[in-house]
Amino acid sequence: MDLDLSPEAQAFRDEARAWLTAHVPAEPLPSFDTPEGFAAHREWEAELADARWSVVSWPAEYGGRDASLLEWVLFEEEYYAAGAPLRVNQNGIFMLAPTLFSHGTDEQLARILPKMARSEEVWAQAWSEPEAGSDIAALRSTASRVDGGWVLNGQKTWSSRAAYADRAFGLFRSDPDAERHRGLTYLMADLRTGGVTVRPIPQLDGEPGFAEIFFDDVFVPDADVIGEPGAGWKVAMTTANNERGLSLRSPGRFLAAAGRLTALWSSAGRPEATADRVADAWIGARAYQLYTFGTVTKLAEGGQLGPESSVNKLFWSHLDVELHETALDLLGPDAELHGRWSDGWLFSLAGPIYGGTDQIQRTIVAERLLGLPREDR
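Description of the structure in this document. (Residues numbered from 1 in each chain as written. Predicted model: local features only at pLDDT ≥ 70, side-chain atom pairs only at ≥ 80, totals over all residues. Heavy atoms only, no water.)

Once that is clear, we can look at unusual backbone geometry. Backbone geometry places Arg 52, a non-glycine residue, at a positive phi of 60°. Examined against the element boundaries, Arg 52 turns out to sit in the loop between helix H2 (35-50) and helix H3 (69-81). Despite not being glycine, Asp 217 shows a phi value in the positive range, around 55°. Mapping Asp 217 onto the fold places it in strand S7 (residues 210-221). Exposure remark for Asp 217: the relative accessible area of 52% places this residue in the exposed category. (Helix = DSSP H or I, 4+ residues; strand = E, 2+ residues; numbered from the N terminus. Buried < 20%, exposed > 50% of the residue type's maximum accessible area, 1.4 Å probe, protein only.)

See the structure below:
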């Protein structure tokens with residue numbers, strides 16, 4: 001693609017930069033894994049939405065700006081460069097919303113997206129289950145057909161943002177006699193309704209970034225099924241490809257972190273022992289940016305995200321870990337006890353696990369991109 005920005009794209013970037021400079025909170029918001037932080041992030045999301053910066057690539061009727069994917073990437077770069085708060089509703093905005101645009105009904109888009117854009121409804125993931133982590137097809141939570149909808153039973157675990165979220169999305173087995181990847185239905189559920197129990201899971205820092213969700217005869221109406229009943233696996237692959245390939249981890253996140261790492265290295269006297277690692281982090285962030293521009297071009301020309309998103313996910317998850325580990329080594333032995341870099345390091349450690357473990361991603365790459373045969377067992 002042409003890396004020289006058009007006058008329109010440059011004007012968009014300048015407008016975003018100016019707004020963020022004027023509005024990003026001077027002090028970091030409390031962690032959104034605390035009640036007060038969750039509320040503060042909701043308020044920030046509403047401020048973004050009021051200025052139509054919350055979901056710039058969405059149609060204007062749902063709160064967006066009809067911006068191109070390239071303009072979205074540029075906005076993300078400016079967002080992270082400005083040190084703006086993390087997006088408390090990233091599960092909804094960057095994972096569920098693309099799924100709805102691909103498989104949802106007009107009624108679902110009109111009902112769900114405007115509230116999502118303002119974080120009036122914050123979304124949690126409901127994928128992993130005990131004994132069915134990255135192997136989603138092994139899930140055992142059920143959706144039973146009843147008049148007007150479905151009744152959910154079962155347990156989900158490691159559900160991101162579920163401790164304080166309003167709603168959740170995920171897969172449930174609707175045909176127990178079907179083969180593994182069949183008979184699954186993609187459903188949305190209200191976490192405040194009767195029969196739902198949310199049990200927070202404390203992290204190393206004591207905050208509940210994840211939770212278990214228990215469903216006990218929970219009714220979900222037909223209007224909250226995404227796609228066709230029983231065809232949930234296909235719908236779920238849209239969500240997974242966005243999580244691994246573009247939406248959830250924009251290059252702006254890594255460009256900003258690599259910039260901070262370079263500044264940290266300079267302030268530490270440019271130690272030779274970490275010079276190569278700092279350079280690798282900067283090169284990796286820049287490579288990821290250029291790769292993303294290629295993905296944007298592909299999508300703009302009518303292409304789709306496919307199994308190559310697994311290559312992308314492997315790259316950014318390990319880049320995140322290595323970048324933060326380098327920063328901690330520069331800061332010294334007390335660095336893991338406090339501060340932005342230690343928080344980022346703790347979060348980055350989960351990168352090779354969530355969204356499909358490294359083992360799952362490498363299997364996808366081997367079979368679907370390299371065409372290697374399955375090993376007979």
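Neither face of strand S1 (residues 123-126) is open: one carries Trp 123 and Gln 125, the other Ala 124 and Ala 126, and all of them are buried. Both S1 and strand S4 (residues 167-173) contribute to a ladder of four bridges, which runs parallel. Residue Ala 124 lies in a different strand from S4, and its bridge partner there is Ala 168. (Pairing = 2+ DSSP bridges.)

Here the focus is the nonpolar core. Counting 46 residues, the largest nonpolar core has Trp 58, Leu 96, Met 116 and Tyr 186 as the members making the most contacts within it. In terms of nonpolar packing, the next biggest core, distinct from the first, is built from 23 residues, Val 122, Leu 152, Ala 211 and Phe 215 among them. (Core = buried A, V, L, I, M, F, W, Y, C linked by side-chain atoms within 4.5 Å.)

Two elements in contact, helix H4 (residues 90-103) and helix H5 (residues 106-117), have axes whose closest approach is 11 Å; the angle formed by their N-to-C orientations is 165°. Taken together, the axes of H4 and H5 lie roughly antiparallel to each other. For H4 against H5, the interelement crossing comes out left-handed. Here H4 contributes Gly 92, Ile 93, Leu 96, Ala 97, Leu 100 and Phe 101 to the contact with H5, which in turn contributes Gln 108, Leu 109, Ile 112, Leu 113 and Met 116. Among the residues forming the contact of H4 with H5, the class breakdown is nine nonpolar, two polar and no charged. (Axes fitted to C-alpha atoms, helices over the stretch in contact; angles between N-to-C directions. Parallel < 35°, antiparallel > 145°, perpendicular 65-115°, else oblique. Left-handed = near helix turned anticlockwise from the far one by under 90°. Contact = heavy atoms within 4.5 Å. Nonpolar A, V, L, I, M, F, W, Y, C, P; charged D, E, K, R; others polar.)

Let's shift gears to H5. Helix length check: H5 (12 residues) gives 16 Å between terminal C-alpha atoms against 16 Å at 1.5 Å per residue, within 8%. Buried residues of H5: Gln 108, Leu 109, Ile 112, Leu 113, Met 116 and Ala 117, and no others. All buried residues of H5 lie within an arc of 120° about the axis, which places them on one face of the element. Buried-residue contacts for H5 involve H2, H4, S1, S4, strand S5 (184-190) and strand S8 (225-226). Directly beyond the C-terminal end of H5, a positive phi value near 60° is found at Ser 119. (Expected span 1.5 Å × (residues − 1). Arc of directions from axis to C-beta.)

Here the structure, examined in full by the defined rule, presents 17 aromatic pairs. With centroids separated by 5.4 Å and ring planes inclined at 5°, the aromatic side chains of Trp 53 and Phe 75 adopt a geometry described as stacked. Of this pair, Trp 53 sits in the loop between H2 and H3 while Phe 75 is found in helix H3, placing the two residues 22 residues apart along the sequence. By relative accessible area, Trp 53 is classed as buried at 1%. A relative accessible area of 2% means that Phe 75 is categorised as buried. Linked through ring pairs, Phe 12, Trp 53, Phe 75, Tyr 79 and Tyr 80 together constitute an aromatic cluster. The ring of Phe 172 carries the charged tip of Lys 156 above its face, separated from the ring centre by 4.7 Å. The lysine or arginine in question, Lys 313, covers the ring of Trp 316, its NZ or CZ lying 5.7 Å from the ring centre. (Phe/Tyr/Trp six-rings, centres within 6.5 Å; stacked < 30°, edge-to-face > 60°. Lys NZ or Arg CZ within 6 Å of the ring centre and 35° of its normal.)

Running from N to C, helix H7 (residues 251-267) and helix H10 (residues 340-348) cross one another at 135°; their axes reach a closest spacing of 13 Å. Taken together, H7 and H10 sit at an angle that is classed as oblique. Viewed along their axes, H7 and H10 form a crossing whose handedness is left-handed. Within the contact between the two elements, H7 uses Arg 253, Ala 257, Arg 260, Leu 261 and Leu 264 and H10 uses Arg 340, Trp 341 and Phe 347. Looking at side-chain class alone, the contact of H7 with H10 contains five nonpolar, no polar and three charged residues.

By secondary structure assignment, the location of Ala 126 is in strand S1. We classify Ala 126 as buried; its relative accessible area is 1%. Distance from Ala 126 to Ala 189, taken between C-alpha atoms, is 9.3 Å for residues 63 residues apart in sequence. The contacts of Ala 126, once residues within four sequence positions are left out, are Lys 156, Ser 159, Ala 168, Phe 169, Gly 170, Leu 171 and Ile 213.

Fair warning: the whole summary comes from geometry, so function is off the table for now.
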